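Listed below are the residues making up each chain.
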Amino acid sequence: MAADAASQISVGALSAIFDETKPQIREPIVQCVQIKSLPSQQNNQERYRAVFSDISNYVQTMLATQINPFVTSGLLRKGCFVRLKAFQANSVKGKKILIILDLEILQELGEAEKIGEPKALENRTEEDEKTQPTTISSNGFYGSKVQGTQTQVGNRAPQPKPATTSTHATIYPIEAISPYSHKWTIKARCTSKSNIRTWHNKNSEGKLFSVNLLDDSGEIRATGFNDQCDVLYNIFQEGSVYYISSPCGVKIAKKQFTNLNNDYELTFERETIVEKAEDQSDVPQVRFSFTTIGDLQTVEKDTTTDVIGILKDASDISEIVSKTTQKPYSKRELTLVDNTGFSVRLTIWGSTALNFNVAPESVIAFKGVKVSDFGGRSLSLLSSGTMTIDPDMEEAHKLKGWYDAQGRDEAFVSHASMLGPATSTMKPDQYKTVAQVKEEQLGMSDDVAYFSLKATVIYIKQDTMCYPACRSDGCNKKVTESAPGQWRCERCDKTHPHPEYRYIMLISVSDHTGQLYLSCFDDVGRSMMGISADELMEKQKSDEKAAGDVFQDANCRMWNFRCRAKIDNFGDQQRIRYQILSAKPVSYTEEASRLAGIIDSYSNS
Ligand SMILES: [Zn+2]
């Protein structure tokens with residue numbers, strides 16, 4: 001097998017990448033001889049480095065994050081063979097590094113011990129380092145678009161400064177920018193722009209502003225100080241697309257000041273060129289990585305994240321005086337809800353708070369909110385963060401649909417109400433087996449416990465699966481039929497011609513370790529049954545067999561449940577009740593890689 005693989009390797013391809021005078025191999029086949037993860041930073045995606053060998057040389061590489069699944073799934077590992085499909089070469093001070101943007105694992109070649117005695121690529125002369133890094137991307141940066149650098153150059157705005165044109169031949173993806181890259185141009189959308197801030201201290205004074213920049217590959221923050229602040233502040237507009245070309249400072253990002261997932265940030269220099277792009281269309285809009293409101297529980301304090309939710313309530317504006325600066329601040333508290341059944345408070349500050357004028361029940365997407373454990377979990381919009389009202393995106397449309405269909409009437413669990421001594425140290429939900437849930441007596445202590453469970457529905461209790469509920473907005477109270485067609489709600493003091501049935505189900509689930517009863521409310525019931533309780537009741541009246549089929553269909557399905565275990569007082573007895581907070585159909589690809597990880601942990605020990 002190894003001999004077979006050795007014959008496939010593109011010997012000499014790696015040195016050719018760094019030497020344009022040599023014949024290039026477009027998609028070289030190499031062996032992976034080392035792989036390791038970089039220490040991950042807070043709020044940052046895992047990054048991996050790999051060493052690839054072409055038998056005559058080896059080279060250090062950094063894997064673009066879209067390749068991470070190859071590593072986490074265990075496909076890309078030491079000894080295996082890969083075809084490098086898209087990459088970028090960088091060198092600094094004689095050190096050569098490849099950024100791998102796309103690759104393919106050649107499983108048919110198996111794996112082998114390191115073949116041959118490859119040498120590190122030689123350091124080259126100073127002159128070489130000044131040459132431009134090459135871009136070899138056989139199928140576009142990210143696979144889908146066939147888009148060479150030629151067309152990108154063609155799209156560029158007319159150049160007022162022709163002297164600089166030649167240096168822009170290569171459009172870099174933001175993700176490839178590092179202190180090792182030089183002579184680059186990025187094409188990026190300005191997704192947020194700060195106000196100008198000034199500072200005065202013993203040693204210096206000055207002013208600065210910063211922008212967040214986005215392209216297909218990622219995001220980066222860029223800051224302009226003093227003169228650059230004067231020159232560039234008015235050029236940047238939120239939402240517009242720009243070409244930005246080196247020279248430009250690239251530094252390790254100060255994560256405490258940013259909500260972006262980039263190890264680096266940019267500092268504009270006197271010679272940095274910023275031009276508005278004529279074609280604004282091929283760069284994506286603001287990107288979000290949302291945490292659901294329910295999942296905030298599992299996010300560590302001080303993490304920065306993005307959230308989207310329905311605005312349930314907004315407080316009046318209030319003013320507080322900062323203890324450290326003695327300056328007054330305006331603030332406003334918003335309450336957001338989403339389809340996880342949770343609500344959360346989010347504080348906005350300053351001019352955002354003063355000018356806030358958003359209709360209740362709007363969808364708002366927040367980028368860059370800080371998670372605090374005040375009152376269980378609460379959120380605060382960072383000054384670098386942004387707020388988008390009714391954004392045109394799938395998540396927003398889903399939320400709106402859910403809210404109109406059922407969310408408006410739901411009762412939400414606030415994170416504050418779950419405040420307990422254990423809250424601030426709460427670990428992310430762990431996958432438990434049924435046996436573990438029982439053995440560990442989850443929920444037996446005074447604290448509420450949360451866990452994830454993969455299990456199959458084996459029985460749904462049919463006789464008490466729903467109750468007649470009040471149809472008034474925001475009231476889900478049980479109604480009673482006082483006379484035919486007279487359903488009375490004590491709470492609203494109203495009578496409805498018919499109730500709205502809502503699920504309150506008890507189901508039995510099972511995994512390979514045992515069986516457990518779980519209860520759930522309307523939203524989970526709907527997703528498990530596929531129809532609303534109203535529709536199901538209707539079916540039962542008109543066609544009992546069809547109703548039976550609905551139960552039949554819902555049975556034997558496998559779900560990922562998020563559950564809460566809590567002591568319940570039942571008369572003078574105490575028992576633990578397990579409530580389903582959300583149910584997701586098992587994603588077999590995710591589940592397979594989770595299991596692969598578990599299996600790996602056996603083979604490595
Ligand atoms: Zn009512």
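Refer to the structure above for everything that follows.
Residues numbered from 1 in each chain as written. Predicted model: local features only at pLDDT ≥ 70, side-chain atom pairs only at ≥ 80, totals over all residues. Heavy atoms only, no water.

A.B. asks: I would appreciate a short explanation of the overall build of the protein in the present structure.
C.D. replies: From N to C terminus, the protein includes 13 helices and 34 strands. Residues classed as buried in the protein amount to 47% of the 605 residues present. Looking at the protein alone, contacts between residues at least 24 apart form 64% of all its contacts between residues at least 6 apart. When the accessible surface of the protein is summed, it comes to about 30600 Å², and 50% of that surface belongs to carbon and sulfur atoms. (Helix = DSSP H or I, 4+ residues; strand = E, 2+ residues; numbered from the N terminus. Buried < 20%, exposed > 50% of the residue type's maximum accessible area, 1.4 Å probe, protein only. Contact = heavy atoms within 4.5 Å. Areas by Shrake-Rupley, 256 points an atom, 1.4 Å probe, with all protein chains shown as cover.)

A.B. asks: Hey, could you run me through the pattern of salt bridges in this one?
C.D. replies: Working definition: two side chains of opposite charge can pair if their charged atoms are close together. If you walk through the whole model with that rule in mind, you get 21 salt bridges. Notably, a salt bridge pairs Arg 83 with Glu 27, separated by 3.9 Å at the nearest N-O pair. Separated by 56 residues along the polypeptide, Arg 83 in strand 4 (residues 81–92) and Glu 27 in the loop between helix 2 (13–17) and strand 1 (29–37) bring together distant segments of the chain. (Salt bridge = Lys/Arg side-chain N within 4 Å of Asp/Glu carboxyl O.)

A.B. asks: So what exactly am I meant to see when it comes to the packing of aromatic side chains here?
C.D. replies: For any pair of aromatic rings, the description consists of the separation of the ring centres together with the inter-plane angle of the planes. Enumeration according to the criterion identifies nine aromatic pairs in this entry. Seen in terms of ring centroids, Phe 451 and Tyr 578 are 6.1 Å apart; in terms of plane orientation they differ by 80 degrees. Their pairing is edge-to-face. A residue pair is termed long-range when its members are at least 10 positions apart, and Phe 451 in strand 25 (residues 449–460) and Tyr 578 in strand 34 (residues 573–585) qualify at 127 residues. With a relative accessible area of 0%, Phe 451 lands in the buried category. A residue is classified by how much of its surface remains accessible, and Tyr 578, at 11% relative accessible area, is buried. Among the aromatic residues, those joined into a cluster by ring pairs are Phe 209, Tyr 233, Phe 236, Tyr 242 and Phe 268. The ring of Tyr 431 is capped by Arg 594, whose NZ or CZ atom sits 3.8 Å from the centre of that ring. (Phe/Tyr/Trp six-rings, centres within 6.5 Å; stacked < 30°, edge-to-face > 60°. Lys NZ or Arg CZ within 6 Å of the ring centre and 35° of its normal.)

A.B. asks: For this particular structure, what's the right way to read the coordination of the zinc ion?
C.D. replies: Six octahedral donors at a metal ideally form angles of 90 or 180 degrees, and four tetrahedral donors ideally form angles of 109.5 degrees. Distances from the zinc ion to its protein donors, namely Cys 470 (SG), Cys 475 (SG), Cys 489 (SG) and Cys 492 (SG), fall within the range 2.1 to 2.3 Å. Donor residues for the zinc ion, ordered by position in the chain, follow C-x4-C-x13-C-x2-C. Taken together, the positions of Cys 470 in the loop between strand 26 (466–469) and strand 27 (480–483) and Cys 492 in the loop between strand 28 (486–489) and strand 29 (494–496) put the pair 22 residues apart, joining distant regions of the chain. (Donors = N, O, S within 2.8 Å, 3.2 Å for Na, K, Ca; no water.)

A.B. asks: Explain the nonpolar core to me, please; I cannot follow it from the model alone.
C.D. replies: Among the nonpolar cores identified, the biggest contains 42 residues, and Ile 507, Leu 518, Met 528, Met 529, Leu 536, Phe 561 and Ile 580 are the most heavily contacted of them. Not counting residues within four places of it along the chain, the set of residues in contact with Leu 536 comprises Met 465, Tyr 503, Met 529, Ile 531, Ala 547, Val 550 and Phe 551. The next biggest cluster of nonpolar side chains, apart from the first, holds 29 residues, and it includes Leu 101, Ile 186, Cys 248 and Tyr 264. (Core = buried A, V, L, I, M, F, W, Y, C linked by side-chain atoms within 4.5 Å.)

A.B. asks: Is there a simple way to think about the environment of Ser 378 in this case?
C.D. replies: In this structure, Ser 378 sits in strand 22 (residues 378–389). The exposure class assigned to Ser 378 is buried, which follows from its relative accessible area of 7%. In this structure, the C-alpha to C-alpha distance between Ser 378 and Arg 345, residues 33 residues apart in sequence, is 5.2 Å. Dropping the residues within four chain positions of it, Ser 378 is found in contact with Val 344, Arg 345, Lys 370, Val 371 and Ser 372.

A.B. asks: Could you clarify how one ought to interpret the pairing of strand 30 (residues 500–503) in this entry?
C.D. replies: Residues in a regular strand project their side chains so that they alternate between the two faces of the sheet. Alternating positions in strand 30 separate into two faces, Glu 500 and Arg 502 on one and Tyr 501 and Tyr 503 on the other, with burial throughout. In this structure, strand 26 lies alongside strand 30, joined through four bridges in antiparallel fashion. Directly across from Ala 469, in strand 30, lies its bridge partner Glu 500. (Pairing = 2+ DSSP bridges.)

A.B. asks: Would you explain the sheet that holds strand 28 in this entry?
C.D. replies: Through backbone hydrogen bonds, the strands of a sheet pair up, either in parallel or in antiparallel fashion. Strand order across the open sheet formed by three strands is 27-28-29, with antiparallel pairing between neighbours. Looking at strand neighbours, the two that pair on one side only are strand 27 and strand 29, the edges of this open sheet. Sheet twist, expressed as the average angle between the axes of neighbouring strands with direction ignored, equals 45 degrees. Bridging between strand 27 and strand 28 involves three bridges; their strand directions are antiparallel. The residue of strand 28 that forms the bridge with Thr 480 is Arg 488. (Axes fitted to C-alpha atoms, helices over the stretch in contact; angles between N-to-C directions.)

A.B. asks: Just to check I follow, could you spell out a nonpolar patch on the surface for this structure?
C.D. replies: Residues Ile 458, Tyr 459, Leu 506 and Tyr 517 make up a contiguous nonpolar surface patch of roughly 370 Å² in combined accessible area. Note on placement: Ile 458 falls in strand 25. Exposure remark for Ile 458: the relative accessible area of 41% places this residue in the partly exposed category. (Patch = residues over 30% accessible without salt bridge, like charges linked within 9 Å, V, L, I, M, F, W, Y side chains within 5 Å.)

A.B. asks: In this structure, what is going on with helix 12 (residues 544–554)? I would like to understand it.
C.D. replies: In an α-helix, one turn spans 3.6 residues, which is why side chains three or four residues apart end up on the same side. Buried within helix 12 are the following residues: Ala 546, Ala 547, Val 550, Phe 551 and Ala 554. Relative to the axis of helix 12, the buried residues are bounded by an arc of 150 degrees and lie together on one face. Those residues of helix 12 that are exposed and angled more than 90 degrees off the buried face are Lys 545 and Gln 552. Packed against the buried residues of helix 12 are strand 25, helix 10 (522–529) and helix 11 (533–542). Looking one or two residues beyond helix 12, the residue adopting positive phi is Cys 556, at roughly 65 degrees. (Arc of directions from axis to C-beta.)

A.B. asks: Explain the side chain of Asp 522 here, please?
C.D. replies: For Asp 522, the position within the fold is in helix 10. A relative accessible area of 1% means that Asp 522 is categorised as buried. The residues touching Asp 522, leaving out its near neighbours within four places in the chain, are Gln 406, Tyr 501, Arg 502, Tyr 503 and Ala 533.

A.B. asks: Explanation requested: unusual backbone geometry in the structure shown.
C.D. replies: Among all residues save glycine, negative phi is the norm, and among peptide bonds the norm is trans. Cis rather than trans, the peptide bond between Ser 246 and Pro 247 has omega equal to 10 degrees. One can find Pro 247 in the loop between strand 13 (241–245) and strand 14 (249–252). At Gln 441, a residue that is not glycine, the phi angle is positive and equals roughly 50 degrees. Checked against the element boundaries, Gln 441 lands in the loop between helix 9 (434–439) and strand 25. Taking the relative accessible area as the measure of exposure, Gln 441 reaches 45% and is therefore partly exposed. Even without being glycine, Asp 493 reaches a positive phi, approximately 55 degrees.

Just distances and angles here, no functional claims.
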